[in-house]
Amino acid sequence: MSIASAPDFFLTRIGDELVLNHGQATPLNLNVPKKRVLIVGGGVTGFTTAWALLDAGYDVTIIAERWADPKNRITSQIAGALWEFPPAVCGKHTDVISLHNSKRWCMTAYRVFDKLQETMPRSDYFDHGVQMRMVNFFFDQKMENMPDRGQLDKFEEICAQKDIKGVRRNANIVKEHEVNQKAGVVDAYQHLAPVIDTDAYMNWLRFVLVCKGAVLETRRINGDLLDQEEELLAEYGADAIVNATGLAGLELAGDASVYPFMFPKVTEALAVTHDDTRGEDEDIVFIVPRNDNTLILGGLAQPHKYELDLTLDSPEILRMRERCNNFVPGLERAEYDPDAPLVQGLRPFRGSNVRVERELRLRPDGAMSRIVHSYGQGGAGFSLSFGCASDVLELIEEVELGLPATKMGCARH
């Protein structure tokens, strides 16, 4: 892909869905002044939202304290970036509204990622890092025999989604992937899912945004956005602000329900599988290909932990590696990635799960806020990215129309 061809990929909103198109977009009316949106946050949520807004005709400025860098990774790069139908393995939903919306959001992302890798093969000039791979879920008892119907309900919902490809349930999947018999796995299903090389994708996405005219500024914002909204709008000549800061929502949105989920991943080269057999934090086996040469091993989630102080010799990491080794024979022979043997980050969770809604509080001057929030995606930032961006686009249009802000519900119109 060349600089000239990058803008030929564009997003349009049809209903409540963002759709990826390849070709020449319909020219915008140049006689209508463009409105600018200020996005705070340079992760996958902020970048995807910026893409949607740019293609909808807005000027966009993105400010972030840090940007994606393979030598100093941000949270979006450390993510496993395996697309999952909610509730995901790492980070269960507890809020009914958030879960309902997440199922809609994730299918939007599935379709966009699928079309992206179909229309732009990874062998092209600029690799976007998106592949469709078979993902496998293994269980230590038949889903029908589990005390909780959650896994069976999830599988049946996946079967009902016509766009999810390659869905298959068969106990033979265990043998096909040579899962260790001592792991006690008796049931399994699989389907095709987007798997994203986060370093490549975030670099590609930034390239696309710059080609489309986005302005990126390195800057840290401190304090509640609501208290400085008027000044920021004036400073950037913006008509609205999108808060896509993840964990910083604790400070910037005054949201005390935001908390971190510390997650480490050990980077190696070998096999592919995925397991969700038990509910304890250290019972998960998570093995996902980052690219053709590297695997991500995971399976540890520690809520309310801010310190990133784990090492390869930490007891939790040794146990995590042992679980993965025991699950796939031969994995113990895999060597660590010399450049990044262990990466760890803080997933931005919140008490009521994902928040995609306008600021409900009034500004200090009593006026209606022009802030739209999109944070709390936890470990599902990539899976929900395009769906959340679609809803943000609608909320920005509400702000323009002067409509009153409403609490996030189960459906947008």
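For the structure itself, consult the block above.
Now for a quick tour of the structure.

Cut-offs applied
Residues numbered from 1 in each chain as written. Predicted model: local features only at pLDDT ≥ 70, side-chain atom pairs only at ≥ 80, totals over all residues. Heavy atoms only, no water. Buried < 20%, exposed > 50% of the residue type's maximum accessible area, 1.4 Å probe, protein only. Helix = DSSP H or I, 4+ residues; strand = E, 2+ residues; numbered from the N terminus. Pairing = 2+ DSSP bridges. Axes fitted to C-alpha atoms, helices over the stretch in contact; angles between N-to-C directions. Polar contact = N/O pair within 3.5 Å; in protein donor to acceptor, adjacent residues only side chain to side chain. Phe/Tyr/Trp six-rings, centres within 6.5 Å; stacked < 30°, edge-to-face > 60°. Lys NZ or Arg CZ within 6 Å of the ring centre and 35° of its normal.

On to the pairing of strand β7 (residues 187-196). A large share of β7 lies buried, amounting to 9 of its 10 residues. Direction of pairing for strand β6 (residues 168-169) relative to β7: antiparallel, over a ladder of 2 bridges. Paired with R168 across the bridge in β7 is Q190.

A sheet is described by the order of its strands in space; here 6 strands give the open sequence β8-β4-β3-β9-β17-β16, paired in mixed fashion. Only two strands of the sheet have a single neighbouring strand rather than two, namely β8 (215-218) and β16 (355-358). Across this sheet, the average inter-strand angle for adjacent strands is 15°, counted without regard to direction. Here 4 bridges tie strand β3 (residues 36-40) to strand β9 (residues 240-243), and the two strands are oriented parallel to one another. Along β9, the bridge assignment pairs L38 with I241.

Our next topic: the side chain of T245. Residue position: T245 is located in the loop between β9 and α8 (249-252). Reaching out from T245, the side chain makes a polar contact with the side chain of N243 at a distance of 2.6 Å.

Our focus in this paragraph is the packing of aromatic side chains. The relative placement of two aromatic rings is captured by the distance of their centres and the angle of their planes. Overall, the coordinates contain 11 aromatic pairs when judged by the stated rule. Each ring, one from W51 and one from F386, has its centre 5.8 Å from the other, and the planes form 70°; the classification is edge-to-face. Placement of the pair is W51 in helix α1 (residues 44-55) and F386 in helix α10 (residues 381-401), with a sequence separation of 335 residues. Considering the side-chain rings of F155 and Y189, the 4.8 Å spacing of their centres and the 45° angle between planes classify their relative orientation as tilted. Residue F155 is located in helix α4 (residues 150-160), and its partner Y189 is located in strand β7; the two are separated by 34 residues in the primary sequence. Relative accessible area serves as the criterion here: at 8%, F155 is assigned to the buried category. Accessibility expressed as a relative area gives 0% for Y189, which makes it buried. By the ring-pair criterion, three or more aromatic residues cluster together here, those being W51, F113, Y201, W204, F382 and F386. Taking the ring centre of F155 as reference, the NZ or CZ of R169 above it sits at 5.9 Å. The cationic tip of R206 hangs over the ring face of W67; the distance from NZ or CZ to the ring centre is 5.4 Å.

As far as function goes, none of this settles anything; it's purely spatial.
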